[in-house]
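Observations on chain architecture
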Amino acid sequence: MAHAPDTGPAVHVNQVGYLPNGPKRATIATEAQEPLLWELLTDSGDVAASGDSTPRGFDRAAGHRVHTIDFTDMQRPGHGYRLYVDGQHSYPFDAADTVYAELHRDALHFFYLQRSGIPIDNPLLPDYARPAGHIGIPPNQGDTNVPCQPGVGDYALDVRGGWYDAGDHGKYVVNGGIAVAQLLSQYERTRTATVVTSAALDDCSLTIPENGNDIPGILDEVRWELEFLLRMQIPPGKPNAGMAHHKVHDEAWTAMPCLPHQDPQPRHLHPPSTAATLNVAAVAAHAARLFRPFDPRFAARCLGAARTAWAAAQQHPAMYADPADKIGGHPYDDNDVLDERYWAAAELFISTGEHAFLDALRNSPYWTGDAFGATGFDWRFVAALGRLDLATVPSHLPDRDRDDARVSIQAAADRYLTTIHEQPYGVPLSVAEYGFGSNSILLNKLVVIATAFDITGEPHYRDGVLEAMDYLLGRNPLNQSYVTGYGTRHAHHQHSRTFAHQLDPALPPPPVGALAGGPNTGLQNPIVHDTPLGPDSERPAPQRCYLDDIRSWSTNGIAINWNSALSWVASFAADQAPKPESRPAPTAPAHPRHALPRDVTVAVTASRELTVDLPHGWSVLVRTHPD
């Protein structure tokens, strides 16, 4: 029987809060035709600001008529503000420079708890402690010696480590690829953008086992997945050597709940794919330049793997994952890899400066084509990842081409901003874009808008990012914050075999900072068919197609590539608050050789060629001669 859910007060706000120097808007669901008087109340009940709402008419995405409330001019910091409109109070919220200070770190800590092949033993998170999963200790049957699926190969590989992809125990190269790329980009942005917070991602910024090794914490976390991705490459001497297996997962779906170390299912390596191989090429090349100052040997290993993967993908340009391969894990199928090839060529060119990769870029349809699309980017469409880095990371790319890349980013950002301004709840999603993982699509669009701000410094891009974050944190028709632990009414029961407190009280809930997939008009699993429907509706409006229930995988899933986008955007948002430690990021000319130290001394004892690593990630090739 359909029923209307309790959605709380009709005044919808960012339940975490607003930056004092940022935009501050809210939405009220109301049938009123004329403007309504609103008051912003302090925690003691005093009126801090007031004004009239702006009627916006019927919102098709929300399924009701709305007004917008704009209190941007109120810049006084405070705790426990509420908006009072038409007899109703909003949930409380803050106005503070610190509202995003911890969100990007909490979103990053999600990855540690998703790790495979290592005991989870964080003294700050005792409820999440568990033995290592999938290291060959019964009842596990992997991942230290995983055989190929029948007909794929006659060998087994050690593919331990990495991150569990989502609520299951599968590990997928293409989804790991975009997640790694976004974490690497988040760190690289601290070296290229103007508005950044120093030390936000340094060593010991995360509570993970690698603390104290003089490597930025975010790179330590990325390396856990990178090591797995490199293990997924087919070794020399085997058919299709250099290609990457598309995925590894159970032979059949495990029941819920099921902790990783309790998984009894046989696991297999699934066939290699060109998409997976190009993902390895892209992220390994990207990692090579960022790890070089901290671990030159690992950086060299990454670059070697990237070259091998690139060469293998050229030999096998059309090996596609089977869309029917979805028993025990997701297919992640993709039969168009031109975008992956463009992305891989971009990362290899930025990291090496070699003309062969620039030629590959110029021969790609994405060299001049739209790398973003109306619906943004995701694991299946990754050309944007290459375009964003070509526009922002110092390289040998000619200035004219870099300018063209930047113009294309601004054009995409402008399109997304237009949608934000058109939608009464301030989101860059059209009515038709509320599909599976809609919150991640929203965040990926915000990455593009934020990059436009980094390029231009124009504040309307910054404001667009901040306003869209309000939707994720409660300014929506359900009064629902989609991030665990953030807001009065936040998600509690995301779909997970590990974080399954709803099914087994002895297990933990999803950790603070986990992002729910969000409204999905597909409503694929039966549990959501009745609960979110109103009494007079056969089907809810798009923004209402959500249920906070562990069984609702179609609306309430978690995934590494969703949290990578959340962390990226939250890091950007935190940087927008004025702080004493804010500083201009280091800049580098288009040709890195001009930024080398003035004097370098190298002791040479024999005829050889060697690479000398220098400060700030630069290196120089030295060739010596017998004379």
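On a predicted model such as this, the values are computed, not experimentally measured, just so you know. By convention here, each chain's residues receive numbers from 1 onward along its written sequence. Given that the model is predicted, a residue must reach a pLDDT of at least 70 before its local features are reported, and side-chain atom pairs must reach 80 or more before they are shown or counted; all residues, however, enter totals for whole chains, interfaces and linings. As a rule here, side-chain values cover all heavy atoms of the structure and leave hydrogens and water aside.

1. Considering the overall build of the chain
We count it as follows: Labels follow the DSSP assignment, with helices taken as runs of H or I lasting at least four residues and strands as runs of E lasting at least two, numbered in each case from the N terminus. Here the term buried applies to any residue with accessible area under 20% of the maximum for its type, exposed to any over 50%, and partly exposed to those in between, with areas from a 1.4 Å probe on protein chains only. Should any heavy atoms of two residues lie within 4.5 Å, those residues are counted as being in contact. Residue exposure ignores everything except the shown protein chains as possible cover, and the areas themselves are Shrake-Rupley values with a 1.4 Å probe.
Helices and strands together make up the secondary structure of the chain, namely 13 helices and 21 strands. Relative to its full complement of 627 residues, the chain shows a buried share of 59%. Considering only contacts in the chain between residues 6 or more positions apart, those separated by 24 or more positions represent 70%. By element, 52% of the accessible surface of the chain is carried by carbon and sulfur atoms, the whole surface being about 23,900 Å².

2. Re the pairing of strand β16 (residues 247-250)
Operational definition: Strand pairing requires that DSSP identify at least two bridges connecting the strands.
Here strand β13 (residues 171-172) runs beside β16; their pairing, made up of two bridges, is antiparallel. Bridging from a neighbouring strand, Lys 171 pairs with Val 248 of β16. Sheet analysis places β16 next to strand β17 (residues 267-269), joined by three bridges and oriented antiparallel. Residue pairing in the sheet places Asp 250 in a bridge with Arg 267 of β17.

3. Describing the side chain of Arg 130
Keep this limit in mind: For the charge count, each Lys or Arg is scored as positive and each Asp or Glu as negative, with His and the chain ends excluded. Within this document, salt bridges are pairs made up of a side-chain nitrogen of Lys or Arg and a carboxyl oxygen of Asp or Glu, the two lying within 4 Å of each other. Two N or O atoms count as a polar contact when they lie within 3.5 Å, although within protein this holds only if one can serve as hydrogen donor and the other as acceptor, and sequence-adjacent residues are included solely when both atoms are side-chain atoms.
Relative to the elements of secondary structure, Arg 130 occurs in the loop between α1 (103-113) and β11 (146-147). Salt bridges are absent for the buried Arg 130, whose nearest opposite-charge side chain, Glu 221, sits at 9.9 Å. Polar contacts involving the side chain of Arg 130 include one to the main-chain carbonyl oxygen of Leu 113, which spans 3.2 Å. A polar atom in the side chain of Arg 130 sits 2.9 Å from the backbone oxygen of Arg 115.

4. Side note on helix α11 (residues 459-472)
Test applied: A helix is expected to reach a length of 1.5 Å times the quantity of its residues less one.
With 14 residues, α11 ought to run about 20 Å at 1.5 Å a step, and its terminal C-alpha atoms sit 21 Å apart, in line with that. Burial analysis of α11 places 11 of its 14 residues in the buried class, which makes it a mostly covered element. Looking only at α11, the buried set comprises Tyr 461, Arg 462, Gly 464, Val 465, Leu 466, Glu 467, Ala 468, Met 469, Asp 470, Tyr 471 and Leu 472. Taken together, the buried residues of α11 touch β2 (17-18), β3 (25-29), α1, α9 (399-422), α10 (438-456) and α13 (560-575).

5. Details of the nonpolar core
This is how the line gets drawn: Grouping buried Ala, Val, Leu, Ile, Met, Phe, Trp, Tyr and Cys residues that are joined through side-chain atoms within 4.5 Å yields what is termed a nonpolar core.
Of all hydrophobic cores here, the largest spans 152 residues; its most connected members are Tyr 100, Phe 372, Leu 442, Leu 443, Leu 446, Ile 449 and Met 469. Here this core gets 13 residues from one element, more than from any other, and that element is helix α4 (residues 274-291). In this structure, Tyr 18, Leu 36, Leu 40 and Phe 71 belong to the second largest nonpolar core, which totals 19 residues.

6. Topic: the sheet that holds β3
An order of β1-β3-β7-β6 is seen for the four strands of this open sheet, with the pairing classed as antiparallel. Sheet topology places β1 (11-12) and β6 (54-59) at the edges, where each strand pairs with a single neighbour. With five bridges connecting them, β3 and strand β7 (residues 64-70) associate as antiparallel partners. Bridge pairing in β7 links Arg 25 to Asp 70.

7. As for the sheet that holds β13
Strand order across the open sheet formed by three strands is β13-β16-β17, with antiparallel pairing between neighbours. This sheet does not close on itself; its edge strands, each paired only once, are β13 and β17.

8. A look at helix α7 (residues 355-362)
Let me state the cut-off plainly: Directions from the helix axis toward the C-beta atoms define the arc.
Listed as buried for α7 are Phe 357, Leu 358 and Leu 361. Down the axis of α7, the buried set is contained in an arc of 105°. They therefore lie on one face. Of the residues in α7, the exposed ones pointing more than 90 degrees away from the buried face are His 355 and Ala 356. Taken together, the buried residues of α7 touch α5 (296-315), α6 (338-352) and α8 (383-392).

9. Some words on the packing of helix α2 (residues 173-192) against α8
To keep it simple, the criterion reads: To obtain an axis, a line is fitted to C-alpha atoms, over the contacting stretch when the element is a helix, and the angle between two such axes runs from 0 to 180 degrees between their N-to-C directions. Here roughly perpendicular refers to angles of 65 to 115 degrees, roughly parallel to angles under 35, roughly antiparallel to angles over 145, and oblique to all remaining angles. Two helices crossing with the near one rotated counterclockwise from the far one by less than a right angle form a left-handed crossing, whereas a clockwise rotation gives a right-handed crossing. Side-chain classes follow a simple rule in which Ala, Val, Leu, Ile, Met, Phe, Trp, Tyr, Cys and Pro form the nonpolar group, Asp, Glu, Lys and Arg form the charged group, and the remainder, Gly included, forms the polar group.
The contact between α2 and α8 brings their axes to 12 Å, and the two run at 15°. Classed by the angle they form, the pair α2 and α8 counts as roughly parallel. Once α2 is placed against α8, the crossing between them reads as left-handed. Residues Ile 178, Ala 181, Ser 185, Glu 188 and Thr 192 of α2 lie in contact with α8, whose contacting residues are Leu 385, Asp 389 and Thr 392. For the contact of α2 with α8, a count of residues per class yields three nonpolar, three polar and two charged.

10. Concerning the pattern of salt bridges
All told, the structure shown has 28 salt bridges when counted by the stated rule. Of the charged contacts in the structure, one is a salt bridge between Arg 462 and Asp 463, with a shortest N-O distance of 2.8 Å. The buried category is assigned to Arg 462, whose relative accessible area is 11%. Of the residues examined, Asp 463 reaches a relative accessible area of 24% and is grouped as partly exposed. A salt bridge links Glu 467 to Arg 475, with the nearest nitrogen and oxygen atoms 3.0 Å apart. The same class applies to Glu 467 as to Arg 475, namely buried.

11. So, the packing of aromatic side chains
Rules: Each aromatic pair joins two rings of Phe, Tyr and Trp (for Trp, the six-membered one) with centres within 6.5 Å, and gets the label stacked for planes under 30 degrees apart, edge-to-face for over 60, and tilted for any other angle. The criterion for a charge sitting over a ring is simple: Lys NZ or Arg CZ within 6 Å of the ring centre, and within 35 degrees of the ring normal.
As enumerated under the stated definition, the model contains 20 aromatic pairs in all. Centroid distance Phe 453 to Phe 572: 5.8 Å. Interplanar angle 85°. Geometry classified as edge-to-face. Placement of Phe 453 in helix α10 and of Phe 572 in helix α13 is noted, with a sequence separation of 119 residues between them. Summarising the burial analysis for this pair, Phe 453 and Phe 572 share the class buried. Note on Trp 568 and Phe 572: the rings are 6.4 Å apart at their centroids and 15° apart in plane angle, and the pair reads as stacked. You can see Trp 568 and its partner Phe 572 sitting in helix α13, four residues apart, about one turn around the helix. Considered together, Trp 568 and Phe 572 belong to a single accessibility category, that of buried residues. Between Arg 189 and the ring centre of Trp 568, over which it is positioned, the NZ or CZ distance is 5.9 Å.

12. Let's talk about the side chain of Thr 254
Considering the arrangement of structural elements, one finds Thr 254 in the loop between β16 and β17. Residue Thr 254 is classed as buried on the basis of its relative accessible area, which comes to 11%. Reaching out from Thr 254, the side chain makes a polar contact with the side chain of Arg 497 at a distance of 2.9 Å.

13. Quick word on the packing of α9 against α11
The interhelical angle for the contact between α9 and α11, taken along N-to-C directions, is 50°, at an axis separation of 10 Å. Judged on the interaxial angle alone, α11 and α9 are oblique. Note on packing geometry: the crossing formed by α9 with α11 is left-handed. Where α9 abuts α11, its residues Gln 410, Ala 413, Asp 414, Leu 417 and Ile 420 lie against His 460, Tyr 461, Gly 464, Glu 467 and Ala 468. Residues belonging to the contact of α9 with α11 are distributed by class as follows: five nonpolar, three polar and two charged.

14. Quick word on the confidence of the model for the chain
Put simply, the rule is: pLDDT is a residue-level measure of predictor confidence that goes from 0 to 100.
The predicted model of the chain has a mean per-residue pLDDT of 90, with 89% of residues at 70 or higher. Here residues 580-627 is modelled with pLDDT under 50, and outside its nearest four sequence neighbours on either side it reaches 76 contacts, counting other chains as well.

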